[in-house]
Number of protein chains: 4
Amino acid sequence: MKRIAVFTSGGDAPGMNACIRAVVRTAVYHKLEVFGIKRGYNGMIQGDIFPMTSFSVSNIVQRGGTVLKSARSMEFKTKEGRQKAYENLKRLEIDGLVAIGGDGTFTGASIFYDEYQLPTVGCPGTIDNDLYGTDYTIGFDTAVNTALDAIDKIRDTADSHDRIFFIEVMGRDSGYIAIESGIGGGAEMIMVPETLTTFNDVIETLRQGWDRSKTSSIIVVAEGDELGNATEIAEKVKKQLPHGDYRVSILGHTQRGGAPTAMDRILASRLGVGAVEGLLKGMSNVMAGVVNNQLVYTPFKETITKNKAIHPDLIRIVDILSV
Amino acid sequence: MKRIAVFTSGGDAPGMNACIRAVVRTAVYHKLEVFGIKRGYNGMIQGDIFPMTSFSVSNIVQRGGTVLKSARSMEFKTKEGRQKAYENLKRLEIDGLVAIGGDGTFTGASIFYDEYQLPTVGCPGTIDNDLYGTDYTIGFDTAVNTALDAIDKIRDTADSHDRIFFIEVMGRDSGYIAIESGIGGGAEMIMVPETLTTFNDVIETLRQGWDRSKTSSIIVVAEGDELGNATEIAEKVKKQLPHGDYRVSILGHTQRGGAPTAMDRILASRLGVGAVEGLLKGMSNVMAGVVNNQLVYTPFKETITKNKAIHPDLIRIVDILSV
Amino acid sequence: MKRIAVFTSGGDAPGMNACIRAVVRTAVYHKLEVFGIKRGYNGMIQGDIFPMTSFSVSNIVQRGGTVLKSARSMEFKTKEGRQKAYENLKRLEIDGLVAIGGDGTFTGASIFYDEYQLPTVGCPGTIDNDLYGTDYTIGFDTAVNTALDAIDKIRDTADSHDRIFFIEVMGRDSGYIAIESGIGGGAEMIMVPETLTTFNDVIETLRQGWDRSKTSSIIVVAEGDELGNATEIAEKVKKQLPHGDYRVSILGHTQRGGAPTAMDRILASRLGVGAVEGLLKGMSNVMAGVVNNQLVYTPFKETITKNKAIHPDLIRIVDILSV
Amino acid sequence: MKRIAVFTSGGDAPGMNACIRAVVRTAVYHKLEVFGIKRGYNGMIQGDIFPMTSFSVSNIVQRGGTVLKSARSMEFKTKEGRQKAYENLKRLEIDGLVAIGGDGTFTGASIFYDEYQLPTVGCPGTIDNDLYGTDYTIGFDTAVNTALDAIDKIRDTADSHDRIFFIEVMGRDSGYIAIESGIGGGAEMIMVPETLTTFNDVIETLRQGWDRSKTSSIIVVAEGDELGNATEIAEKVKKQLPHGDYRVSILGHTQRGGAPTAMDRILASRLGVGAVEGLLKGMSNVMAGVVNNQLVYTPFKETITKNKAIHPDLIRIVDILSV
């Protein structure tokens, strides 16, 4: 292997820059040439590919977003699109790829590998932490801390006004951000897609709180919860318990930005090193991950199809700590 | 004057605790007894009034929210409510009040003073900065910095994905938070109730940006803008320019919480000292404010009725800096 | 078991309050009575012990420091001191203890247990992360992020002025804070007690940087490094390479404070639950920890005497990423 | 005027980038060509001057440091150095300069103007806030908030351990950072060069605190205080009151970095616009400032020689609020 390329794809996540930096510098360290591809698969198709050096990635370890930009690509879902992408890479004699992204990215990478056998190793970059094969994904810890900071701020005003807040956090079909920011924020209740909360549970929790003279409450709702989004749930609750003072806050895209936390930068650095060294060891069609503090490689297909459950300890302590 | 009481009322604002602390300690410094009233006018009516000491306010200068809690009171709008409130204060021999809040608070205080002549000095505590008689209100600088931090985070992801974001900030009928967070955040456009932006201006700004290859944009929308809220504006824009990738983010109640900034703590401290010393000098029915770095007192009626315009320099530089 | 007590001892760490809250609420959940002891072993000796309820720990999950205060106790090192402490606990019929602290705390707890057999479970609370039996200690992640935030700020000015900064971080005999904040901060070199850096390595790293036109550098120094503290190292370097522009920054006690991160609050919550439920299961003289995401209990004696090495991957990637 | 250049000089300050951005975009807005000069007067002498566009300053409004880098120049103090600088500017047909910096910068600019009459307008960029002709300097508000955040963190641990902390903040001969961060942080005492604190005052404040059972204290010391630095003062205090538990923390260079606050970005933006428009109006040898919320221009000589006193209200409220 002499020449590799790196790109970011799908939803951006804080720490992607730290990962790009690690990929580039590890390549330089191992005497590989390294290229950057702009806007994920789109740039691959359009030939937006440029050489990178150690200096290209100076002073970016702390920045949110991705200097390579990201996008979701419709064209890469077509055979013609992938053909163009492959020709661009071939022309530049690129013989290895590092793909930083989530399940959509790895699905694409997996199909591409089946067709062209260009060695590819992935790094899990998504705030949702919904990938099997790694305990944490790049960006998750930052998103949780951003959500937590918002919950802390909202608790100030909830407490001052004796209000009940429904706070909606990101995570798509996964409740990880909700469960971690909710425990950290001392939420009275956390609604995640992984557990079946009934509407009566919500009513009961609020009633019990009032019985114990608890005047303000925080209920964290994962955007993918099966009972609906925060606005819908709040409206239903208001109908049944009309005397409460309810507010809804949707944390939104702030959860995607910001300087990454130490944990995300370190994880991103380890995985960037691991991806390049995996390529050098002949690995392909796998994602680098850290499980129980060890670097491991998991086939793309498993990362996408297998399920990563929330630790039952976490679900249990929500009940205990809201007494 | 021997015995005063302090309360917070209306929407809470970061720095209210720093102001309460200053009121209590200034009272102690001048050998006054000082009481706290819980939940604004509600606590006054219900007699939820308790003595405070220097220690009561230790270690609160940095906390968001208000340790005295806040509320909007319907009962105080009735003659009977105010009568009960007065009797509670009289029974405790309270001969001076410090009211921390916004225009609703001062409207109530003004009526109460007309009826019972209990000397009252106000401190402007609201994130909206919509009170005449002070350059800034307590909580405004913190709210602006919270909004700015969110805009910075959103710009990371807007830039990574070449998206246009409509970000809605608080401020009720005032555009202060929008204009300051928008300039600070480098927004391409800022929509405030104080200026008449037409819908065509929005379209034109986006078109011009695209012409100059500007791929991502931030448009800050004050919640009280005359063209509608951020969601409504985004939908209308999408109809006219359907190829853009738009997102809406409503910053919401995070803007009300959090540790106050230095500026808010200092302003709150000066105004708390000024309110108590104003009472001692025989002032009443006025709000303490800081104008051009000098402590001034303005009659409640003026603070409510007079308008405080946004400095034209600020409105002008938005246009210049978005070139 | 009917009545337990909790205390914090040794150096304080962010997240101790989240742990106290979890201990108290888990006790309430399991129908135990729970007491708080002030200032660690000192309060135990002086009888500064008071009942706690669910409400005692409301709204503290986000606060740095410890509401129970902490201290190092000389008197508890004497047989007489421990005797007094035991009598106070006995009089209150306390039949279980939760000790939150570090190796000094657990050494004391271990001796106390040998003498009086009062069941005690520990929670690892120290920013240093130097305890065997848990992957992370409560407070470590917050301290790392605080150090990282300072390094980010210093890099701004280092880069603007082409300067070399020696930044000293806490950790006593452990290099954990240095290694994690250094990797996260993109440091050119990290000096920790666990590895033998020679003085020539420092000179060589700086020379190589200059050869590659690297004009600013960050060198993170663990306070326990065998080559000396940051000031001493900087002075020696300046003698050998006098033309560089060097600055020293000692991050100091800011690393001990601040709102805990999500990771610290969650860890503290799990361990607080685990400590109380450990007592209920009959455990004693052990520390609750989380290893590979599982709750485990390790005898106090092992936690103090066994060594927890820094993962070799982390040490290795420093070299790779500074190319 | 057709072509201007901008540079940053002296100690860097957060917000300098926002100012550079405003200068560049205001120049573009008024159809001027604009150049950047690297490393202050050094780059002027070495001809390190390059054209800038609107895009050059995209996405820098939020960054600490200065993208133009800064330095103190020995060579510019010589007639030969200034001659070279002038020739470089003349060759590029630059007919106006914007200098962002502090008193050293403006002293140089003033001499340069006397010799070559090249129109120059300054923007006050220094964290020290020690320039006459503007209420605040760019970077001051950020430095104060950084110091305040550190004081908040230290108070957590001071309070947990009943300790007295001496915290040294920056500001050279000025006590502005100390007074504002000290009031904001609720310091028990603030030592600034502008007031003569005797050593007995320190002893007395600590004694009175103990008498009122105040167990922890924060004393903020300006680096330029006439009684010595924080370490020296702490040592003297320890000799006289040996039973106290003292710690010293020197906040150092973190105060120079970090994302600028809203206030600093807005001030920097106004002043950047004001500097360019001042040049266009024919002004020269003056500094743009904001006094009482109005843009004003003050001759360089006055900005350097005249004194800006700390508002007496601020000094007074320290005493009141520490009761």
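Residues numbered from 1 in each chain as written. Chains lettered and ligands numbered in written order. Predicted model: local features only at pLDDT ≥ 70, side-chain atom pairs only at ≥ 80, totals over all residues. Heavy atoms only, no water.

J.: Quick rundown of the pairing of strand β5 (residues 120-124) of chain D? Include the residues and the values.
T.: Residue and element names in this part refer to chain D. With respect to burial, β5 is a largely interior element, five of its five residues being buried. The two faces of β5 match: Thr120, Gly122 and Pro124 on one face and Val121 and Cys123 on the other face are all buried. Relative to β5, strand β4 (residues 96-101) runs parallel, the two being bridged by five bridges. Considered in β5, the bridge of Ala99 is made with Gly122. Running through helix α4 (residues 103-116), the crossover from β4 to the neighbouring parallel element β5 is right-handed. (Buried < 20%, exposed > 50% of the residue type's maximum accessible area, 1.4 Å probe, protein only. Helix = DSSP H or I, 4+ residues; strand = E, 2+ residues; numbered from the N terminus. Pairing = 2+ DSSP bridges. Right-handed = clockwise from strand over helix to strand, strands pointing away.)

J.: Describe the environment of Ala288 of chain A, and please don't skip the residues or the numbers.
T.: Residues and elements named next belong to chain A. Here Ala288 is to be found in strand β10 (residues 286-291). Judged by relative accessible area, which is 0%, Ala288 ranks as buried. Between the alpha carbons of Ala288 and Cys123 there is a distance of 5.6 Å; along the sequence they are 165 residues apart. Contact partners of Ala288, with chain neighbours within four places excluded, come to Val121, Gly122, Pro124, Leu271, Ala275, Val296 and Tyr297. (Contact = heavy atoms within 4.5 Å.)

J.: If you had to explain the environment of Ala259 of chain A to someone new, which residues and values would you point to?
T.: Residues and elements named next belong to chain A. By the secondary structure assignment, Ala259 is in the loop between β9 (246-250) and α9 (262-280). Separated by 196 residues in the primary sequence, Ala259 and Arg63 place their C-alpha atoms 5.1 Å from one another. Among residues more than four places away in sequence, those in contact with Ala259 are Gln62, Gly64, Thr142 and Arg265.

J.: Now, about the UniProt feature "domain: Phosphofructokinase" (unreviewed entry) in chain A: what can you tell me, with residues and values included?
T.: Within the UniProt annotation, "domain: Phosphofructokinase" (unreviewed entry) is assigned to residues 3-278 of chain A. For residues 3-278 of chain A, the end-to-end C-alpha separation is 14 Å, with 43% helix and 17% strand making up the annotated structure. (UniProt positions renumbered as here; feature names shortened; annotations may be inferred.)

J.: Would you mind going over the packing of aromatic side chains in detail, with residue names and values included?
T.: How two aromatic rings sit relative to each other is set out by the distance from centre to centre and by the angle between their planes. A complete count under the given rule lists 40 aromatic pairs over all chains for this structure. For the ring pair Phe7 of chain D and Tyr41 of chain D, a centre distance of 5.1 Å and an interplane angle of 55° mean the geometry is tilted. Remark: Tyr41 of chain D occurs in helix α2 (residues 41-46) and Phe7 of chain D occurs in strand β1 (residues 3-8); sequence separation between them is 34 residues. Classification of Phe7 of chain D as buried rests on a relative accessible area of 1%. Relative to Phe300 of chain D, the ring of Phe106 of chain D lies with its centre 4.9 Å away and its plane at 20°, an arrangement referred to as stacked. Residue Phe106 of chain D is found in helix α4, and its partner Phe300 of chain D is found in helix α10 (residues 300-305); the two are separated by 194 residues along the sequence. The buried category is assigned to Phe106 of chain D, whose relative accessible area is 0%. Taken together through their ring pairs, the aromatic side chains of Phe7, Tyr41, Phe76, Tyr86, Phe112 and Tyr116 of chain A make up a single cluster. One cation-aromatic arrangement involves Lys308 of chain A over Tyr176 of chain A; the distance from NZ or CZ to the ring centre is 5.5 Å. The ring centre of Phe199 of chain B lies 4.6 Å from the NZ or CZ of Lys236 of chain B, which sits over that ring. (Phe/Tyr/Trp six-rings, centres within 6.5 Å; stacked < 30°, edge-to-face > 60°. Lys NZ or Arg CZ within 6 Å of the ring centre and 35° of its normal.)

J.: Mind laying out the sheet that holds strand β11 (residues 294-299) of chain B, listing which residues take part and the relevant values?
T.: Residues and elements named next belong to chain B. A sheet is described by the order of its strands in space; here seven strands give the open sequence β3-β2-β1-β4-β5-β10-β11, paired in mixed fashion. Every other strand in the sheet has two partners, leaving β3 (49-52) and β11 as the edge strands with one partner each. Across the sheet, the axes of successive neighbouring strands diverge by a mean angle of 30°, strand direction being ignored. (Axes fitted to C-alpha atoms, helices over the stretch in contact; angles between N-to-C directions.)

J.: Residue-level account of helix α7 (residues 199-211) of chain B, with values.
T.: The periodicity of an α-helix, 3.6 residues per turn, causes residues three or four positions apart to be oriented the same way. Residues and elements named next belong to chain B. For α7, which comprises 13 residues, the first-to-last C-alpha distance of 19 Å matches the rise-based estimate of 18 Å (1.5 Å per residue) to within 8%. Within α7, the full set of buried residues consists of Phe199, Val202, Ile203, Leu206 and Gly209. In an axial view of α7, the angular spread of the buried residues amounts to 130°, which keeps them on one side of the axis. Opposite the buried face of α7, by more than 90 degrees, sit the exposed residues Asn200 and Asp211. Of the surrounding elements, those touching the buried residues of α7 are β6 (164-169), β7 (189-191), β8 (217-222), α8 (230-240) and β9 (246-250). Downstream of α7 by a residue or two, Ser213 has a phi angle that is positive, lying close to 60°. (Expected span 1.5 Å × (residues − 1). Arc of directions from axis to C-beta.)

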